[in-house]
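# Coordinate analysis (summary)
Chain residues, written in single-letter form:
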Amino acid sequence: MSSASVDTPSQPDSTTSKSSPTIPPQPLVPLRDRLLYSNKARTQGAGTGEDRDLTKDVKSRRKIVWGMVFGFIGAMTLASVKFFFPRVLFEPKTRFGIGFPGDFAMGVDTRYQAAFRIWVVRDAQGIFVLFAKCTHLGCTPDWKETDNKFKCPCHGSGFDMEGVNFEGPAPRPLDRTMVELDASGEIIVDKAVLFPYEQWGDPRARVNV
Ligand code: FES
């Protein structure tokens, strides 16, 4: 009998097969590549939890960047619009109609004080208009019907119905405004033209009606 050995199939080494494979060290991957891989994984429906976190991170950063871009564009647009529509101070009209002479009884009419800061006064000669601004420091006096005078609430100056100062610190009488009748007979007041006491005799400071 030959002594040649018969090759028998070698039995797997159970010790070797059960040992876990050695994991080679992973190279350091730059963040940009990781993000790219993350996007790719997202589009292909794959990826680890870390990838998904990175994708969320990218999305939120994109939102912030786009928000800043749109904010900047919006601010620039607003500035451009404001440039073409500069701030304008709309002041009340200085020339306006107040009605017809028959609308005013003898005495002081205060119905235009709030809107135009004037009083309309009718006396025996006609109608004139007082500018309701105290000649001391510019407050608006009140008409005191019972006392028949204008009384300034700020420092107590008093003016008679004609507008002449007689008490308090006001240094001079009230101003009168230009007043005239238009073609229809309506009284037109022009506050852009004021007459101090020395010019009350000007024909434009009264309408004789
Ligand atoms: S502002 Fe009228 S009394 Fe001073």
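As the structure is a prediction and not an experimental result, all values here were calculated from the model.

### Points about the nonpolar core
By size, the foremost hydrophobic cluster in this structure holds 19 residues, and its most contacted members are Ile118, Trp119, Val120, Val121, Val129 and Leu130. Mapped by element, the contributors of at least two residues to this core are strand E3 (118–122), strand E4 (127–131) and strand E10 (187–195). Discounting chain neighbours no more than four positions away, the residues touching isoleucine 118 are Tyr112, Gln113, Val129, Leu130, Phe131, Ala132, Thr177 and Val189.

### Describing the confidence of the model for the protein
In this model, the protein carries an average pLDDT of 84, and 74% of its residues clear a pLDDT of 70 or more. Low pLDDT (under 50) marks residues 1–10, which in the prediction has zero contacts with non-local residues, meaning those over four places away or in another chain. In this model, residues 12–17 is a region of pLDDT below 50 whose contacts with residues beyond four sequence positions or in other chains number one contact.

### Some remarks on the sheet that holds strand E5 (residues 142–144)
The four strands are arranged E5-E6-E7-E8 in an open sheet whose pairing can be described as antiparallel. For this open sheet the edge positions go to E5 and strand E8 (165–167), each flanked by a neighbour on one side alone. Two elements, strand E7 (residues 158–159) and E8, share two bridges in a ladder whose sense is antiparallel. Its bridge partner being in E8, phenylalanine 159 is matched across the sheet by asparagine 165.

### Considerations on the environment of phenylalanine 166
Following the sequence through the fold, phenylalanine 166 ends up in strand E8. Once the C-alpha coordinates of phenylalanine 166 and lysine 149 are considered, the two residues, 17 residues apart in sequence, prove to be 9.8 Å apart.

Reading the values: rules and limits
Residues numbered from 1 in each chain as written. Predicted model: local features only at pLDDT ≥ 70, side-chain atom pairs only at ≥ 80, totals over all residues. Core = buried A, V, L, I, M, F, W, Y, C linked by C-beta atoms within 7 Å. Buried ≥ 20, exposed ≤ 12 C-beta atoms within 10 Å, placed from the backbone. Helix = DSSP H or I, 4+ residues; strand = E, 2+ residues; numbered from the N terminus. Contact = placed C-beta atoms within 7 Å. pLDDT = per-residue confidence, 0-100. Pairing = 2+ DSSP bridges.

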